[in-house]
Amino acid sequence: MEIRDIEIFLTLAEELHFGRAADRLHVSQARVSQAINQQERRLGGALFDRTNRRQICLTPLGRQLRDDLRPVYAGLRDSLERAHLAARGITHVLRVGMLPLNTYDLRPYWGTFRARHPHWQLQIQHASFVDPFAGLRRGDLDMLVCWLPVEEPDLTVGPVLFADPRVLAVAAEHELTRRTSVSLEMLADFQHSDAPSRPDYWAEGFVPSHTRSGHRIERGPLVHNAEEILTLASTGELVNLFPAHMMRYWSRPDIAYLPVNDIDALSYALVWRTETENDLIRALARVAADIGTLAP
């Protein structure tokens, strides 16, 4: 079985849907189906139960193959990546996940790190606010840029990179747009978004559960990314607090951003798993400490 066929099988085993697997792999559904059919003929048994047209499922043979191939494929992929990097003179890779959207603003840190350590590669990637620390714990990320507070016993909080004032995203035609700024107290009159699988205290740091006078700020629909939030805000279904850099990085004609005048700025820091701390993590933390917190 070739590496591409292994990738197709494992992707379909995760998605359990030919269309979604094809989208992830950037191939046609026919290519996915052809590869699976060839694998099944070669093995002499079915890997997937296709009796349900909407959702397929793994057979016992498929589950066994999936469990056996996952570590093999991960090892092959890592070996090829290390060889590719070594050919370019890169000895190690530091993967940093970004919850905020302002990667460009943080280029003083990235540029200094790369200048100090030319044989190390810095990979910046998007991270989700859903189950925010899962990437660190799975080993998909080495460090995470996220808002504070972070009070996880297995995580270390490093230097603060920046602090952003808060703005409220509302529909362009929303009644609040008649104001030049809003207060936290006003949020109690409108529904706010919520996210699954996040620590309560961490969500509280982004959007308080109550105003200072004790009025509850209602959490509404569950969302998984900023685009979902803005879509709901644009229809007037909710309003949503954001860091101020959203105004520059996610400007839309159907969204207005209003300054919030009575809430503290939101601080973002480097965070990493304590037990995986290494020279690369310490190096980026040292760069951040040397440069200090960036001015808004």
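Structural data are supplied above this passage.
Please read all numbers here as calculations on a predicted model, not as lab measurements.

1. Here's the deal with the overall build of the protein chain
For step 1, the next point in the chain: On a plain count of helices and strands, the protein chain comes out with 10 helices and 12 strands.
For step 2, the next point in the chain: Relative to its 296 residues, the protein chain shows a buried fraction of 45%.
For step 3, the next point in the chain: Put simply, 74% of the contacts in the protein chain that link residues at least 6 apart link residues at least 24 apart.
For step 4, the next point in the chain: In the structure as shown, the protein chain presents an accessible area of about 15300 Å², 50% of it carried by carbon and sulfur atoms.
For step 5, the next point in the chain: For the protein chain, the distance from the average site of its 33 positive side-chain charges to the average site of its 38 negative ones is 5 Å.

2. Some thoughts on the packing of aromatic side chains
For step 1, the next point in the chain: Evaluated as defined, the whole model comprises 7 aromatic pairs.
For step 2, the next point in the chain: Judged by centre distance (3.8 Å) and plane angle (10°), the rings of tryptophan 147 and tryptophan 202 are stacked. A residue pair is termed long-range when its members are at least 10 positions apart, and tryptophan 147 in strand E5 (residues 143-147) and tryptophan 202 in helix H7 (residues 200-206) qualify at 55 residues.
For step 3, the next point in the chain: Exposure remark for tryptophan 147: the relative accessible area of 8% places this residue in the buried category.
For step 4, the next point in the chain: These aromatic residues form a ring-pair network of at least three members: Phe133, Trp147, Phe162, Trp202, Phe206 and Tyr268.
For step 5, the next point in the chain: When the ring centre of tyrosine 104 is taken as reference, the NZ or CZ atom of arginine 107 above it lies at 3.8 Å.

Cut-offs used in this document
Residues numbered from 1 in each chain as written. Predicted model: local features only at pLDDT ≥ 70, side-chain atom pairs only at ≥ 80, totals over all residues. Heavy atoms only, no water. Helix = DSSP H or I, 4+ residues; strand = E, 2+ residues; numbered from the N terminus. Buried < 20%, exposed > 50% of the residue type's maximum accessible area, 1.4 Å probe, protein only. Contact = heavy atoms within 4.5 Å. Areas by Shrake-Rupley, 256 points an atom, 1.4 Å probe, with all protein chains shown as cover. Lys, Arg positive; Asp, Glu negative; His and termini not counted. Charge placed at Lys NZ, Arg CZ, Asp CG, Glu CD. Phe/Tyr/Trp six-rings, centres within 6.5 Å; stacked < 30°, edge-to-face > 60°. Lys NZ or Arg CZ within 6 Å of the ring centre and 35° of its normal.

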